[in-house]
Amino acid sequence: MRIEITPARQLVGEVKIPGDKSISHRGVMFGALSRGETRLSRFLPGDDCLNTIKAFQSMGIDIKVKTDDKNETIVEIQGKGLRGLKKPDSVIQAGNSGTTARLMAGILAGQSFPSVLDGDASLRKRPMDRVVDPLSKMGGVFDPPGNRLPLHIKGAGSLRGIEYTLPVASAQVKSAIIFGALYGDSPTIIHQPALSRDHTEIMFKQFGGQIEQNDLSIKVYPAEELYGQNIRIPGDISSAAFFITASLLVPGSSITMKEIGINPTRSGILEVYRQMGGKISVENLNGAHEQAGEPAGDITASFSDLKGVEVGGSMIPRLIDEIPILALAATQARGTTIIKDAAELKVKESNRIDLIVRTLKALGADIEPTEDGMVINGPTPLTGTNITCEMDHRIAMMGAIAGLTARGRTVIADGQWADVSFPGFFRIIESLKS
Ligand code: S3P
């Protein structure tokens, strides 16, 4: 889908941000493995989360997707308990979704039937040994053993509890192990090098599982049974970040987004933007109970005079998905921005160090790659050009926001990839401009 973006003079108004992608995936997974009904409201109907739904439908779980009068997506899952899945008739397709593939690997390793897990061309390039290794230590059987999709999972029936130190601060790997630990014969202990998003831990408790968190370590107890829940999913801060950035960059702008998840393991972008001089307020903090055990609030961002910043260390996992849009913001900030300790960007939906740099350079930015990040000097005026996102939704959306601030016309040849995490993204851009 070819998308043309022209410069914006001012962006003012309220934007409806869809539900959080990470929490939507987990809601379906826990719901399917619980007893009774789980109801998820403000679910993200993006391609990634729909793939997670299809995976469980193919294993015999009744899941209905509806739209309510607020035009939000409701998902109703009739869970069949920890042992209620049946052997799928065909290959489970994760599509573009790393979260589906990696978390499902943890669930499938403990089932008593074999399965095959596959993905699209982008996901087939991404490393899977990070989940295959710990799950094999737990007794999971991957035959042939491999580091790439498709994964052939034997289904060990039950797994062993292990003590494992994560080599990278990855929530997907941590969560795959937590799901595997559900089927363990003893507790599993996980040590993290830095804190990554903790949605699995929060939701595990909410569904009745026992998990202890102590600084960077987690102890997960095998579960007898989990119980269906009613969950309202907060808006996705990773999606909101595109409009926060648009508002910071386009003169005279002010955009509000309601009920956005601000879990501290996810909201690093707000801290970094404030450090850069960004005017961002968070109001109406909601009680944790209502928002899937997750804090949420209304975010307003306004046009700001930004300055460069250095970002690295334990901040990186707290804003890993926002680095494309942060890099764009840095092209318009005074001075140098250094992003380091972010080598994980190389194994996202694309090699994001390479693709962020190539895309922003094509638009006229002063940006150079490093081994574990990038260095950006600003401000530089951007000029619209033709770009492609190479199957990476966040690069498509970064390109579109860049187009709002650039001179001339920016064309994204493959804009359809935004649907992976943000259906309706381009319509919102147009509606804000009028
Ligand atoms: C996710 C974790 C992160 C993030 C991804 C979603 C999750 O990946 O980049 O978009 O839902 O657990 P890693 O765990 O690989 O860092």
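What counts and what doesn't
- Residues numbered from 1 in each chain as written.
- Predicted model: local features only at pLDDT ≥ 70, side-chain atom pairs only at ≥ 80, totals over all residues.
- Heavy atoms only, no water.
- Core = buried A, V, L, I, M, F, W, Y, C linked by side-chain atoms within 4.5 Å.
- Buried < 20%, exposed > 50% of the residue type's maximum accessible area, 1.4 Å probe, protein only.
- Helix = DSSP H or I, 4+ residues; strand = E, 2+ residues; numbered from the N terminus.
- Contact = heavy atoms within 4.5 Å.
- Domains from an automatic or database assignment.
- Buried area = accessible area lost by both parts, 1.4 Å probe.
- Salt bridge = Lys/Arg side-chain N within 4 Å of Asp/Glu carboxyl O.
- Polar contact = N/O pair within 3.5 Å; in protein donor to acceptor, adjacent residues only side chain to side chain.
- Pairing = 2+ DSSP bridges.
- Axes fitted to C-alpha atoms, helices over the stretch in contact; angles between N-to-C directions.

**Some words on the nonpolar core**
Counting residues in each nonpolar core, the largest one holds 78 residues, and the members touching the most others are Phe243, Ile244, Tyr273, Ile323, Met374 and Phe425. Element by element, the count of residues in this core is highest for helix H7 (residues 237–249), at nine residues. Residues in contact with Ile323, not counting those within four places in the same chain, are Ile316, Ile339, Ala342, Leu345, Ile356 and Met374. Core analysis: the next-biggest nonpolar cluster, separate from the first, contains 65 residues, Ile63, Val75, Met104 and Val132 among them.

**Quick look at the domain arrangement of the protein**
Per the domain assignment, the segments of the protein are domain 1 (3–18 + 234–432) and domain 2 (21–232). Placing a centre on the C-alpha atoms of domain 1 and another on those of domain 2 gives a separation of 28 Å. Listed by partner, the interface residues are 34 residues for domain 1 and 29 residues for domain 2. Between domain 1 and domain 2, roughly 2700 Å² of surface is buried when both sides are summed, and carbon and sulfur atoms account for 49% of that area. In this assembly, domain 1 and domain 2 are joined by five salt bridges. Of the charged contacts in the structure, one is a salt bridge between Arg130 and Glu344, with a shortest N-O distance of 2.9 Å. Where domain 1 packs against domain 2, one counts 19 residue pairs in polar contact (both at pLDDT 80 or more).

**Describing the sheet that holds strand E13 (residues 230–232)**
Each strand in a sheet pairs with another by means of backbone hydrogen bonds, the pair being arranged parallel or else antiparallel. One open sheet holds the four strands; their spatial order is E4-E5-E3-E13, and the pairing between them is mixed. Because the sheet does not close on itself, it has two edges, and the strands there are strand E4 (62–67) and E13. Strand-to-strand twist in this sheet, taken as the mean axis angle between neighbours without regard to direction, amounts to 15°. Of the strand pairs in this sheet, E4 and strand E5 (residues 73–80) are connected by six bridges, and their pairing is antiparallel. The partner of Asp62 across the bridge, within E5, is Gln78. This element, helix H2 (residues 47–57), spans strand E3 (35–43), E4 and E5 of the sheet and lies at about 145° to E4.

**Some remarks on the sheet that holds strand E18 (residues 335–339)**
The four strands are arranged E17-E18-E20-E19 in an open sheet whose pairing can be described as mixed. Each having just a single partner strand, strand E17 (310–311) and strand E19 (366–370) make up the two edges of the open sheet. Summarising the sheet, E19 and strand E20 (residues 373–378) pair through five bridges and their orientation is antiparallel. Along E20, the bridge assignment pairs Asp366 with Asn377. Contacts from helix H10 (residues 323–331) reach E17, E18 and E20, with the element oriented near 25° to E20.

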